[in-house]
Amino acid sequence: MNWKNFSKVSSFLVVLTGMTLSPNVVSAENEVEAEISSWSFEEGEGAATLDEASGIEDKIEYVFNEAEDKDDSNPMWREGIKNNALLFDGYSTWIERPADEWGELGSSFTVEGWVAPRSYEWGGDDKVSAILSQLNAGEGKGFVFGMGRHGSLEMKAAFEGEEVRATTESSLEKHEWSHVAGVISDERGVIEVYINGEKEAEASIPEGKTFTQADQPLLLGKHSDPSIVNGTFDANMFAGLMDEVQVERGELTPEDIKAFYQDVMASLPSEGLPAADTDYDRSRYDGDRHRAQYHMTAPEHWMNEPHSPIYFEGKYHLFYQHNPQGPYWRQIHWGHVVSDDLMHWDDALVALAPEKDSVAPDGVWSGDSTYDENGEPVLLFTAGDDSRHPNQSVGLARSTFSEDGDPLLPNWEMEDELVTVQEEDLEVEEGEVMFGQFRDPFVWEEDGTWYQLVSSGIKDGDQNIGGTALLYSSENLTDWDYEGPFFTGDKEAFPATGDVWELPVFLPLKDENGDDTGKYAFFINPWFEEYSPHDVKYVWHWIGEWDKENNKFVPDHDEPRLFDYGEHLTGPSGFVDDKDRSVLFSITQDRRSEQDHYDAGWAHNAGLPLELTLQENGMLGIQPIKETENVRGEKLISESDTTVKKLNRQLEKVNGDTLEVNLTVDPKDAEQFGLHFRESTDSKEVTSLFYNVNEQQLKIDRNHSSLDPDAEKGIHGGDVELKDGLLHLQLFLDRSMVEAYANDTHSITSRVYPTLGDADGISMTEEGGKVSIESFELWNMGSAYGELVEADEPENSDEKDNTPVKTLPNHDFQTGDLSGWIVEEGEAFSDDHVRTDEDWGWGGPFNQAVNAHDPEGFHYWGFHAEHGGDGAVGVMRSEDFILGGDGTIDFLVGGGNDEENLSVALIRKNDNHELARTTGGNNEAYRRVEWNMEEHVGEELFLRVTDNATGGFGHINLDNVNVPVDLDTEFEEEDLSIKPESSSHAKGKAIGHEKNPNDHRAKGKE
C-alpha cells in the first residue's frame, strides 16, 4: 500500500499508520506533549513486540507459547493497517507492562489505535473487553478503554476516587478496521470517545477533580479487573486485530482527530482500508494430540451441540453452539459448516450472533431448520434475552438466498418479532408446565402444516414430574398454536431422564430394507434442576407412533432406552436427508476440566452422523452413515478366517491414532475377546474394548487409558446380543475420540487422553478359549478439513528428572483425615472436612483426583456446615520438607477467589519467605496449579493453607498435592509418605505419573 507521507511536527502525535500529522491537523493550543507508548506490531512473527516510544520489548502472552497438547507456537499475526497486526484470540492473548516500567499519564492524555473486532463479548459485570487497561477499581484509580456490550466503545477513568465513563451508542463493526480514540481533557473537563474520526460519546469530569493514575500493570487486550468464568477464564478480553496502538500525554480536540482520520482516508488507494483478516485458523491446533481430525469440530474455541441440519442446493449445512471468544460456554452464537458429503466440512461465517436490539441480545441457543412455503431455508432458534422473563423464547431467521443466490447460505436475517413465547400457567394433566424452561425448538413440516417441539418440564406443586416436549403447530412459520404436551416423562420411575427434556428430536424410521414402518424415534437430552450424577452424560429414546389426530407421541414401551453406553454422547439433533435417511447428530463431550480447555484452546466436537432404522425386533438400528468411507485412507489390513495370534503378528506393525476397524468374530469357546488400542509399548497406557460372551455385554475399560490422574477413567458398557452367533464391530479412533458400533444396534462413545508418545498400538485379545475372526479390516483415516496433520510427540522422556523422591505424608488425603498435616489455628481445618463427596449438592462435580492410592477420592473440602461453614477460619500447613527432583510442585485447588485471605502458599523455612501463592477461582470444582520451583531444589520448605475469609465462597478446597520430596527428609509420619521408584516431574506428569497441567492463570500471577 502506498501511504502518503506527512511532514513531522515537533513533538506532535505520531499517528497510527506511521504517518505524522501535518501542521494544520493539531491545534496550536492542544499540542500532544509526548508519546508514552507506541506499538506498531511490525514484527509479524514471534512472541514479543516493541514499544517504539519507550524502546521496551514486551512479551506477548499466549496459550501456546508453552503448549500442553502440542508443540509450542507463536501468537497469531495478520496483515494490518500498515504492514502487520496482532490477532488477540479473546481469552489468552495479551500484553502486560509493569507499572514501574511505564510512564506517567498526567491529567490529560490520549489513547488510540486501529482495531477490528472478531466478536462482541457478553459484557459480564458491566465491564468492557479491554483494548487498554490500567485500572484499580478497588482504590478508584486508573482507566480502561475498550469495547462494551454489542460493540459499543467506552472510556472509563477515575478522578480522585470517582469513576466516570463515556460510552457510545453506536457499535464498532465486526471484521472491519476502525480507528478508535479516547481522550481525557483536564482543560476542557471531559472524557471523549471517537470512532473513525467522529466523537461518539462525551462525559464530564467531576468539577475540581483530576485523573488519578493506578499503580497497576498496563494491559493490552486484557482487563485489569476481569470477571472470572468457571474459576479459570478471565473474561473482558479483546478478540480481534489491533494495530498502531498509542498512548500520548496530552490531548487532541475533536477537530484534530477528525482531520487526521479524513487525511488518512483521503490518502488511501481506491479500494480503501485493507481487509481485516479476522478469520479463524485451524492450523493453530496442528499437532494437538487429542483434537479430533475426521469429526466435525469448531475452527476454534468452544462448541457444544451441532443442530439444525438441512440440505439445500446440493449442500449440507450444519450449525452448532459456539463461543468465538474462548473455549468456554458464554455468549453463544450459531457456528456454521457446509459439506458435500456430511464428512468433509468447510467453515462458513457465523450464521447468528447475539445483537443489540434483536430478539436475542444475550445468546442464540439451540434450534432447528426447515423450509418455508417457497422451499427456502429458515432457522428457528432459542432467543436469549435476559431483560425478559422467561429469558427463553423462539425466534425465526431467514436466509438471504432469494436476494444473493449464494448456496453456501452465508447470510441470515433475524425476524424482528419472536414467533413462539411461553405462556404462563399452562395446565396439563399431570400438573403445570415449568414457566421459564422453554428452549430448543425442533421443527418438521407435514401436509402443509409445520410442527414445533419445544423442550420443557412438568411440575405439580413443589414436585417435578418429569420432562416434556411442548407441541405447537403453524400454517406459516410465524403464528404458532399451542397443542399441548407431545409426550411427558416420569422422573420418579426413571430419575436419569431428568426434570426438563432438552433438545427433543422426532424422526421417522424405515426398516433395514428402506421401507416405511410407520414408527418414529423420539430422543431427549435430560436436564436437571439440581446436581445429578446423570447430568451431561446420556441421551434417551423411545420408539412409537405419531398420533397426529390427537397431537401425541404414543411410545411402544414405557421404559426409556439408553441411546449410547458411554458417558460422552449428548445433544441430539437430526433430519431426514436428501437420500430419505433419518440421520442423527450429537456432541461428544470431552469431559475435561476448564483448565484443560484453557490449555487446549478448544472444547468438544461432534460425533459421527448416524443413520437410524428400525430392527425386526423393534429395537433402534444405529449405523454410521456410509459416507464415513469417504475419509478412509490406506487400507492397512484385510483378513478373513484367521486367528488372534496370526492377526496380532500383522497388528504389531500398525500404529495409529486415527483408525477405523471393521471386525466380525465368532466367539467359539472363548469367554471374552476384544481389542486393545492406544496402547504404549510398555502397556502403561492402554484402552480396552471387550465383549463378555456369557454376559453378552460390550464394555470399554479406560482405567489404564492415561497416566494423567485428571483424565476420567472407568468401565462402561451394556447389553449387546450376538447376531446369528456373531459380533460385528466397527471401531473409530480419532485422537481422543473412541466410537464403537456393535451389530448395528448399540454404541459406546468415549474419550481417552494418553500422555505417552508411543500410545498408538493396537492388538486383539481373547480369554478362556479361542475365537474365529471371520473378517478384519483396518484403515488409516484422513481429515475432515484438508490434509491430516500428524500429532506432535510429547516431551522427550529422556529429558525428565529421574532422581528418586517421595511424597508428602498423606499428600492426597487418602487416609480420609488430616493425618500428616498440621493444623496451626482455627476451625476451618478438621478431619471432618476430608470427604469423598463428588459434588457439592447444588452443582458439580468437584473432579477430585481418584487413583491407585486414593481410590475413594478423598479431598479437603473447606466448607462444612457443622464446622462454621464459610465463616470458619484457620491455618493448616504441611510438615517441613527438602525439595527434590526437578522442583515441580502441582496440586488441585478450588473454592473462593481471594488471594489475600484464601491461599495455598509455599514458604521457605529459614526466613519464612513466601515463594509462591495461589487461590481458588470462585468455583468449587478443582483446577490444577503448577509451580516450577527448580531454583529452590535442596531448600527446606513447607506449604501453608490459609482460610481467613468469611461470607460467600469463604473457603478453599485442596487435593492431590504433589511435591517431589528429597529422600533425606524425615517426616514424623513417614509411613504416610509414598516412595515411588523415581519422580517424573516433567511437564505433563508428576509423582506416580500424575499430571501437572500448566495453569496459565496461576503462572501469570505467581
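Computed from a predicted model, the values in this text were never measured in an experiment.

**Looking at the overall build of the protein chain**
A count of helical and extended segments in the protein chain gives five helices and 67 strands. Taken over the C-alpha trace, the protein chain has a radius of gyration of 30 Å; the compact-globule value for 1006 residues is 30 Å, and the two agree within 12%. A principal-axis box enclosing the C-alpha atoms of the protein chain has dimensions of 95 × 80 × 60 Å. Per-residue burial over the protein chain gives 62% buried out of 1006 residues. In the protein chain, the proportion of contacts linking residues at least 24 apart, taken out of those at least 6 apart, comes to 68%. Entry remark: accessible area of the protein chain is about 36,900 Å², with carbon and sulfur atoms responsible for 41%. Measuring between centres, the 76 positive side-chain charges of the protein chain sit 4 Å from its 207 negative side-chain charges.

**As for the confidence of the model for the protein chain**
Any region with low pLDDT has predicted coordinates that should not be read closely. Scored by pLDDT, the protein chain comes out at a mean of 92, with 93% of its residues at no less than 70. Considering only residues more than four positions removed or in separate chains, one finds that residues 1-30, a stretch of pLDDT under 50, has 80 contacts. Between residues 982-1006, whose pLDDT stays under 50, and residues either more than four places distant or in other chains, the model counts 109 contacts.

**A short note on the packing of aromatic side chains**
Given two aromatic rings, one states the distance between the centres and the angle between the planes to describe the pair. Tallied over the entire structure, the rule returns 53 aromatic pairs. Linked through ring pairs, Phe 442, Trp 444, Tyr 451, Phe 486, Phe 487, Trp 501, Phe 506, Tyr 520, Phe 522, Trp 542, Trp 546 and Phe 553 together constitute an aromatic cluster. Positioned above the aromatic ring of Tyr 120 is the side chain of Lys 174, whose terminal nitrogen or guanidinium carbon lies 4.7 Å from the ring centre. Here Arg 282 stacks its cationic end above the ring of Tyr 785, 3.4 Å away from the centre of that ring.

**Structural notes on the sheet that holds strand 22 (residues 345-347)**
Strand order in the open sheet formed by five strands is 22-21-20-19-40, with mixed pairing between adjacent strands. On the outer flanks of this sheet lie strand 22 and strand 40 (602-603), each paired with one strand and no other. Both strand 19 (residues 301-312) and strand 40 contribute to a ladder of two bridges, which runs parallel. Paired with His 301 across the two strands is Trp 602, which belongs to strand 40.

**Things to note about the nonpolar core**
Judged by nonpolar contacts, the single largest core of 42 residues is most densely connected at Leu 453, Phe 486, Phe 506, Phe 522, Phe 523, Phe 563 and Leu 620. Grouped together as the second largest cluster of nonpolar side chains are 41 residues, Phe 41, Met 147, Leu 153 and Val 245 included.

**A closer look at the pairing of strand 8 (residues 129-136)**
When you tally the buried positions in strand 8, you get eight out of eight residues, the bulk of the element. As paired strands, strand 8 and strand 9 (residues 141-147) are joined by seven bridges and run antiparallel to one another. In the strand pairing of strand 9, Ser 129 is matched with Met 147. Counting the residues that bridge the hairpin from strand 8 to strand 9 gives four residues, and of these Gly 140 lies at a positive phi of roughly 70°.

**Remarks on the UniProt feature "domain: LamG-like jellyroll fold" (unreviewed entry) in the protein chain**
The UniProt entry lists residues 107-255 under the feature "domain: LamG-like jellyroll fold" (unreviewed entry), expressed in the numbering used here. Within residues 107-255, the helical portion is 1% and the strand portion 51%, while the C-alpha atoms at the span's ends are 21 Å from each other.

**Details of helix 1 (residues 254-266)**
The terminal C-alpha atoms of helix 1 lie 18 Å apart, and with 13 residues this matches the ideal 18 Å at 1.5 Å per residue to within 8%. In this structure, the buried residues of helix 1 make contact with strand 7 (109-117), strand 12 (178-185) and strand 13 (190-195).

**As for the environment of Thr 588**
Within the secondary structure, Thr 588 sits in strand 39 (residues 582-588). When the C-alpha atoms of Thr 588 and His 568 are compared, they prove to be 5.2 Å apart, with 20 residues separating the residues in sequence. If sequence neighbours within four positions are ignored, Thr 588 has contacts with His 568, His 604, Asn 605, Ala 606, Gly 607, Met 737, Thr 749 and Arg 751.

**A look at the side chain of His 290**
Tracing the sequence through the fold places His 290 in the loop between helix 1 and strand 19. Beyond its immediate sequence surroundings of up to four residues, His 290 is in contact with Asp 69, Arg 592, Trp 602, Arg 735, Ser 736, Arg 751, Val 752, Tyr 753 and Pro 754.

**Quick notes on helix 4 (residues 644-651)**
Among the residues of helix 4, those classed as buried are Val 644, Leu 647, Asn 648 and Leu 651. All buried residues of helix 4 lie within an arc of 100° about the axis, which places them on one face of the element. Within helix 4, the exposed residues directed more than 90 degrees away from the buried face are Lys 645 and Lys 646. Among the structural elements, strand 44 (632-642), strand 53 (761-767) and strand 54 (772-781) are those in contact with the buried residues of helix 4.

**Here we look at the sheet that holds strand 49 (residues 715-719)**
Taken together, five strands build an open sheet; the order of strands is 49-48-47-46-53 and the sheet is antiparallel. Edge positions in the sheet fall to strand 49 and strand 53, since each has one partner strand and no second. Direction aside, neighbouring strands of the sheet carry axes that sit 15° apart on average. For strand 46 (residues 672-679) and strand 47 (residues 687-692), the ladder comprises six bridges, and the chain directions are antiparallel. Each residue of the ladder has a partner; that of Phe 673, found in strand 47, is Tyr 691.

**Digging into the side chain of His 568**
Structurally, His 568 can be placed in the loop between strand 37 (561-562) and strand 38 (569-576). Exposure remark for His 568: the relative accessible area of 1% places this residue in the buried category. A distance of 3.3 Å separates polar atoms of two side chains, one belonging to His 568 and the other to Arg 702. The residues touching His 568, leaving out its near neighbours within four places in the chain, are Lys 537, Ile 587, Thr 588, Gln 589, Asp 590, Arg 591, Arg 702, Thr 749, Ser 750 and Arg 751.

**Quick look at unusual backbone geometry**
With omega at 0°, the peptide bond leading from His 389 into Pro 390 counts as cis. Mapped onto the secondary structure, Pro 390 falls in the loop between strand 24 (377-384) and strand 25 (392-399). With phi around 55°, Arg 735 is a residue other than glycine that occupies positive phi space. Among the secondary structure elements, Arg 735 is positioned in the loop between strand 50 (727-734) and strand 51 (737-742). Arg 735 sits in the buried class, given a relative accessible area of 1%. You will see that Phe 813, though not glycine, has its phi angle at about 55°, which is positive. Inspection of the secondary structure assignment puts Phe 813 in the loop between strand 55 (805-806) and strand 56 (821-826). A residue is classified by how much of its surface remains accessible, and Phe 813, at 0% relative accessible area, is buried.

**Here we look at the pattern of salt bridges**
Under the counting rule described, the total for this entry stands at 58 salt bridges. A salt bridge links Arg 188 to Glu 192; the shortest N-O distance between them is 2.6 Å. Its salt-bridge partner being Asp 577, residue Arg 581 comes within 2.8 Å of it at the nearest N-O pair. In terms of burial, Arg 581 and Asp 577 fall into one category: buried. When salt bridges with common partners are traced through the structure, they connect Arg 188, Glu 192, Lys 199, Glu 202 and Glu 251 into a single cluster.

**Looking at a negative patch on the surface**
On the surface, Glu 424, Asp 425, Glu 427, Glu 432 and Asp 460 cluster together to form a negatively charged patch. Along the chain, the position of Glu 427 falls in strand 27 (residues 427-428). Residue classification places Glu 427 among the exposed positions, given a relative accessible area of 70%.

**Brief notes about the environment of Asp 577**
Mapping Asp 577 onto the fold places it in the loop between strand 38 and strand 39. Overall, the relative accessible area of 7% leaves Asp 577 in the buried class. In this structure, the C-alpha to C-alpha distance between Asp 577 and Gly 395, residues 182 residues apart in sequence, is 24 Å. Every residue in contact with Asp 577, bar those within four places of it in the chain, is listed here: Tyr 316 and Val 583. At 2.9 Å, the side chain of Asp 577 and the backbone nitrogen of Lys 579 are in polar contact.

**Some points on the environment of Asn 922**
Turning to its location among the elements, Asn 922 is positioned in the loop between strand 63 (914-918) and strand 64 (923-932). Using a relative accessible area of 41% as the deciding quantity, one classes Asn 922 as partly exposed. Residues Asn 922 and Ala 852, spaced 70 residues apart in sequence, show a C-alpha to C-alpha distance of 29 Å. In contact with Asn 922, not counting residues within four places along its chain, are Gly 895, Gly 896, Asn 897 and Phe 953. A polar side-chain atom of Asn 922 sits 2.8 Å from the main-chain amide nitrogen of Asn 897.

Each value, and the rule that gives it
- Residues numbered from 1 in each chain as written.
- Predicted model: local features only at pLDDT ≥ 70, side-chain atom pairs only at ≥ 80, totals over all residues.
- Heavy atoms only, no water.
- Helix = DSSP H or I, 4+ residues; strand = E, 2+ residues; numbered from the N terminus.
- Rg over C-alpha atoms; globule rule 2.2 N^0.38 Å.
- Buried < 20%, exposed > 50% of the residue type's maximum accessible area, 1.4 Å probe, protein only.
- Contact = heavy atoms within 4.5 Å.
- Areas by Shrake-Rupley, 256 points an atom, 1.4 Å probe, with all protein chains shown as cover.
- Lys, Arg positive; Asp, Glu negative; His and termini not counted.
- Charge placed at Lys NZ, Arg CZ, Asp CG, Glu CD.
- pLDDT = per-residue confidence, 0-100.
- Phe/Tyr/Trp six-rings, centres within 6.5 Å; stacked < 30°, edge-to-face > 60°.
- Lys NZ or Arg CZ within 6 Å of the ring centre and 35° of its normal.
- Pairing = 2+ DSSP bridges.
- Core = buried A, V, L, I, M, F, W, Y, C linked by side-chain atoms within 4.5 Å.
- UniProt positions renumbered as here; feature names shortened; annotations may be inferred.
- Expected span 1.5 Å × (residues − 1).
- Arc of directions from axis to C-beta.
- Axes fitted to C-alpha atoms, helices over the stretch in contact; angles between N-to-C directions.
- Polar contact = N/O pair within 3.5 Å; in protein donor to acceptor, adjacent residues only side chain to side chain.
- Salt bridge = Lys/Arg side-chain N within 4 Å of Asp/Glu carboxyl O.
- Patch = residues over 30% accessible without salt bridge, like charges linked within 9 Å, V, L, I, M, F, W, Y side chains within 5 Å.

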